[in-house]
Amino acid sequence: MMKDLNKNFATAIKDLVWLLDRGYPKKSSIELVGNRYGLSREERLMLYRGVFETETCIMRRRKKVSAHDVQKAGELYIDCYNLIITLRSYLLGRPVFRGLDGYVRDTAGVYGNLSYDNMVSRILSVITESLEALFGVSGKKTSAKKANNKEVNDKGVLVQFYLDAPVSRSGDLALDINKVQVREPLILKAVLSRNPDLEMLEMHDNSGGIIVSSDTVVIDRAKRIFDFAEWIISHRFKGEVFDLIRCYEECN
């Protein structure tokens, strides 16, 4: 799909930033530039999910932390469905891109109709194996259920997956996460919540751990964000994503 982008897509990004920086409403601004340049639905979704006013982009980029920062952290809070949807889109060959604020996203965006299928199981394995690689762990394997009975000390790394309880089969996914065996000192824990964003942010505020999410609402309220989807695509799959930043800069 990225090879077939509208030839005026970069100009559309530039025009949209100009409008947003001057306070024009985003929805009507995307409609304006989309109609002007004949953008497709997916191209408009990329603008909606990846283009923001300059001040917002600067603020969000400052919150983005490196893998090295994560490796020094004692706790990591993962916006589970947000991460799964992005990786699923990448594996299915659907548009995945880096927004102007520096975070990797897809054009799916919502997870209300996500099916807990073999691909989701595969992605869960990819995520847990990537966590081991990220932290460079080599200890013995420990299940989350066993680890949760132990006190988390300074040597342990607690990774909590936050899931939206009303989503179909969230309970099954939480159970499977808690069954995963990972190498010490990693400790995995699934958290089912009716308001996972709020609960995750409260833990983040109280403990100083790092959040994994590309959700703009979460990013704007958080202090430190790690783009784990970007890390997995780059390190696990040796892949690249379409970069709206580069596209915008080349147009200026």
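Further up the page is the structure itself.
The following refers to the structure shown. (Residues numbered from 1 in each chain as written. Predicted model: local features only at pLDDT ≥ 70, side-chain atom pairs only at ≥ 80, totals over all residues. Heavy atoms only, no water.)

1. Let's talk about the sheet that holds strand S3 (residues 104–106)
Line of reasoning, step 1. The strand order S3-S2-S10 describes an open sheet built from 3 strands, whose pairing is mixed. The open sheet has two edge strands with one neighbour each: S3 and strand S10 (242–243).
Line of reasoning, step 2. Across 3 bridges, the pairing between strand S2 (residues 96–98) and S3 is antiparallel. Paired with Val 96 across the bridge in S3 is Asp 106. (Pairing = 2+ DSSP bridges. Helix = DSSP H or I, 4+ residues; strand = E, 2+ residues; numbered from the N terminus.)

2. Some thoughts on the packing of helix H1 (residues 9–21) against helix H13 (residues 244–251)
Line of reasoning, step 1. As a packed pair, H1 and H13 sit with axes 9 Å apart at the nearest point and diverge in direction by 85°. As the angle between them shows, H1 and H13 are arranged roughly perpendicular. Of the residues in H13, those touching H1 at Phe 9, Ala 10, Thr 11, Ile 13, Lys 14 and Val 17 are Leu 244, Cys 247, Tyr 248 and Cys 251. (Axes fitted to C-alpha atoms, helices over the stretch in contact; angles between N-to-C directions. Parallel < 35°, antiparallel > 145°, perpendicular 65-115°, else oblique. Contact = heavy atoms within 4.5 Å.)

3. Considering unusual backbone geometry
Line of reasoning, step 1. Along the chain, Glu 184 connects to Pro 185 via a cis peptide bond; the corresponding omega equals 10°.
Line of reasoning, step 2. Mapped onto the elements of the fold, Pro 185 is located in the loop between strand S6 (181–183) and strand S7 (186–193).
Line of reasoning, step 3. Positive phi, close to 65°, is recorded for Arg 169, a residue that is not glycine.
Line of reasoning, step 4. With respect to the helices and strands, the residue Arg 169 is situated in the loop between strand S5 (157–164) and helix H9 (170–179).
Line of reasoning, step 5. Arg 169 gets classed as partly exposed once you look at its relative accessible area, which sits at 43%.
Line of reasoning, step 6. At Lys 238, a residue that is not glycine, the phi angle is positive and equals roughly 55°.
Line of reasoning, step 7. Structurally, the position occupied by Lys 238 is in the loop between helix H12 (228–235) and S10. (Buried < 20%, exposed > 50% of the residue type's maximum accessible area, 1.4 Å probe, protein only.)

4. Re the sheet that holds strand S9 (residues 225–226)
Either a parallel or an antiparallel arrangement is found when strands of a sheet pair, and the pairing is made through backbone hydrogen bonds.
Line of reasoning, step 1. Strand order in this open sheet of 5 strands is S7-S5-S1-S8-S9, and the pairing throughout is parallel. Bordering the open sheet on either side are S7 and S9, each of which pairs with just one other strand.
Line of reasoning, step 2. Judged from the 8 bridges that link them, S5 and S7 form a sheet pairing that is parallel. What sits directly across from Val 157, in S7, is Leu 186.
Line of reasoning, step 3. Here helix H6 (residues 80–91) sits on the sheet in contact with strand S1 (75–79), S5 and strand S8 (210–212), set at roughly 65° to S1.

These figures come from the coordinates and say nothing about function on their own.
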